[in-house]
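Each chain, written out:
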Amino acid sequence: MKITVIGAGAWGTAMAMSAAAHPAGHQVCLWARDAVQAREMHDSRQNMRYLPGLAFAPGLQVVQGDALDAVADAELVIIGTPMAALREWLQRLQHLHAPVAWLCKGFEAGSGLMPHEVCTEVAPQLRCGALSGPSFAQEVARSQPSALVAASRDAGVRHTLVDALHSPSLRVYGNDDIVGVEVGGAVKNVMAIASGLCDGLELGLNARAALLTRGLAEMTRLGVALGARADTFMGLSGLGDLMLTATGDLSRNRKVGLLLASGMGLAQAVESLGHVAEGVYSARTVLARAQALGVDMPIAATVVDLLDGKVAPAQAVHRLMERDPKQER
C-alpha cells in the first residue's frame, strides 16, 4: 500500500516508521514542511530533531515541496500535524478519494470543534477518521508493543486503517464512535496537566489515583453529552490514553504540570518542551464546550485557571479538595 504521512514531527515520523516497517512492505512517503529538516532526514535516515538514533526502514521516503504531489497516488493519507493546522490540511486534501486520518488530539481553538467536526465543515465529502490511543511516539518508533484505535463512521476507512497499520508491534482496533474517541484524546491532555501538578507538589499516589478517577468521570460526562457512548471511555482512547499521558515520564502535558508545580511560568514551561503540549491549547476549548452543555468539569476548570494565572498551584489543589461532598457517579 502507498501511504503518505503529512508532518515530520515526533508522532508523524513515528507513524511513518511503523508503517514502513510493516510486514506487507508498504511504500511510505513522509512529507516535511521544513526543507532543511527534510534533507537532514533524507541523508541521515533518521529524524535527528525529534527521534534521534532511530533508523528509518528502507520503505520510508522523505520528501519536501508540494504536498499535493506527495499525496497524488497515495492509498492512505495520515495527517500528523498539531490540531491548529488540521483545518488548513483538510481544505487542501478535500478532493482526495483516498481515506484520510489525523493523529492530532484536541478541540480547535476559537471554534471549539472536534477534528471530525472540522472535517464536516470544510471537507464533508472526505472519507476520514482518527487514529488515537495510548502511544508515545518514541516507543512506536522503536517498534515496542503498542495499541491504537482507528475511529470512523465509515467502515471502509476503519478497515483500511487496520489493514495498513496493524502489525506484530502495533495492534489497531476499529471503533465507530469517533465522538468518544476524540473527546477522550482531547480531555486526557488536560487531565495530564493536573496529574503533573499533583506529582510535582508531591501529594502522593492516593491523590493521583483520585484525581485520575474523577478526571475519567469528567471526560465521560462531556463525551456522553456530545453524543458518545459511555463504554468508549473504558477503552484505549479513554482510560488507556489517560493512564499513559497522566503518569508516563514521556508525557509533554504531564511535564507542563510538573514545571508549573516547580514555580516555572507557563510560557517558559511550554518553551522548554521543544514540542507541542496540546492540553495547554485545548483546555479552554474543552471547558467552553462543557459549559455550553451544562457539564460540570471542576478539574478542567481548575487547570484553565492555573494556566491563566488565576490560581497558584497549591491553591488549585485546595480548591478541588474543598468542594462539597457528592455521590460518586
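This text goes with the structure placed above it.
Residues numbered from 1 in each chain as written. Predicted model: local features only at pLDDT ≥ 70, side-chain atom pairs only at ≥ 80, totals over all residues. Heavy atoms only, no water.

**Notes on the packing of aromatic side chains**
- Scanning all chains against the criterion turns up 1 aromatic pair.
- A centroid spacing of 5.2 Å and a plane angle of 70 degrees characterise the contact between Trp31 and Trp89, whose relative ring orientation is edge-to-face. Taken together, the residues span a long stretch of sequence, with Trp31 in strand E2 (residues 27-31) and Trp89 in helix H4 (residues 86-92) at a distance of 58 residues.
- Owing to a relative accessible area of 7%, Trp31 belongs among the buried residues under this scheme.
- Given the relative accessible area of 6%, Trp89 is considered buried.
- We note Arg92 situated over the ring of Trp89; from NZ or CZ to the ring centre the distance is 4.4 Å. (Phe/Tyr/Trp six-rings, centres within 6.5 Å; stacked < 30°, edge-to-face > 60°. Helix = DSSP H or I, 4+ residues; strand = E, 2+ residues; numbered from the N terminus. Buried < 20%, exposed > 50% of the residue type's maximum accessible area, 1.4 Å probe, protein only. Lys NZ or Arg CZ within 6 Å of the ring centre and 35° of its normal.)

**Points about the environment of Leu126**
- Residue position: Leu126 is located in the loop between helix H5 (115-122) and strand E6 (128-132).
- When its relative accessible area of 6% is taken as the criterion, Leu126 is described as buried.
- Spatially, the C-alpha atom of Leu126 lies 16 Å from that of Leu103, the residues being 23 residues apart in sequence.
- Beyond its immediate chain neighbours, meaning those up to four positions away, Leu126 contacts Leu90, Leu93, Gln94, Leu96, Val100 and Cys119. (Contact = heavy atoms within 4.5 Å.)

**Section: the packing of helix H8 (residues 178-200) against helix H11 (residues 252-261)**
- Closest axis-to-axis distance for the H8/H11 pair is 6 Å, and the angle between their directions is 40 degrees. The angle between H8 and H11 places the two elements in the oblique class. In this structure, the crossing between H8 and H11 has a hand that is right-handed. Here H8 contributes Asn189, Ala192, Ile193, Gly196, Leu197, Asp199 and Gly200 to the contact with H11, which in turn contributes Asn253, Arg254, Val256, Gly257, Leu258 and Ala261.
- A per-class count over the contact of H8 with H11 returns 6 nonpolar, 5 polar and 2 charged. (Axes fitted to C-alpha atoms, helices over the stretch in contact; angles between N-to-C directions. Parallel < 35°, antiparallel > 145°, perpendicular 65-115°, else oblique. Left-handed = near helix turned anticlockwise from the far one by under 90°. Nonpolar A, V, L, I, M, F, W, Y, C, P; charged D, E, K, R; others polar.)

**Quick look at the side chain of Asp241**
- With respect to the secondary-structure elements, Asp241 resides in helix H10 (residues 236-247).
- Discounting chain neighbours no more than four positions away, the residues touching Asp241 are Lys105, Ser132, Gly133, Pro134, Ser135, Gly185, Lys188 and Leu236.

**Examining the nonpolar core**
- If you look at the biggest cluster of nonpolar residues, it comprises 44 residues, and the most contacted ones within it are Phe107, Val183, Val187, Leu222, Val286 and Met297.
- Excluding residues within four positions of it along the chain, Phe107 makes contact with Met83, Gly112, Leu113, Met114, Val183, Ala186, Leu222, Leu226, Ser282, Thr285, Val286 and Arg289.
- Within the second largest apolar cluster, 38 residues are counted, among which are Ala20, Leu51, Leu103 and Ala141. (Core = buried A, V, L, I, M, F, W, Y, C linked by side-chain atoms within 4.5 Å.)

**A look at H10**
- Listing the buried residues of H10 in full gives Ser237, Gly238, Asp241, Leu242, Thr245 and Ala246. Angular distribution of buried residues about the axis of H10 spans 110 degrees; they occupy a single face of the element.
- Buried residues in H10 make contact with E6, strand E7 (146-151), H8, helix H9 (205-225) and H11. (Arc of directions from axis to C-beta.)

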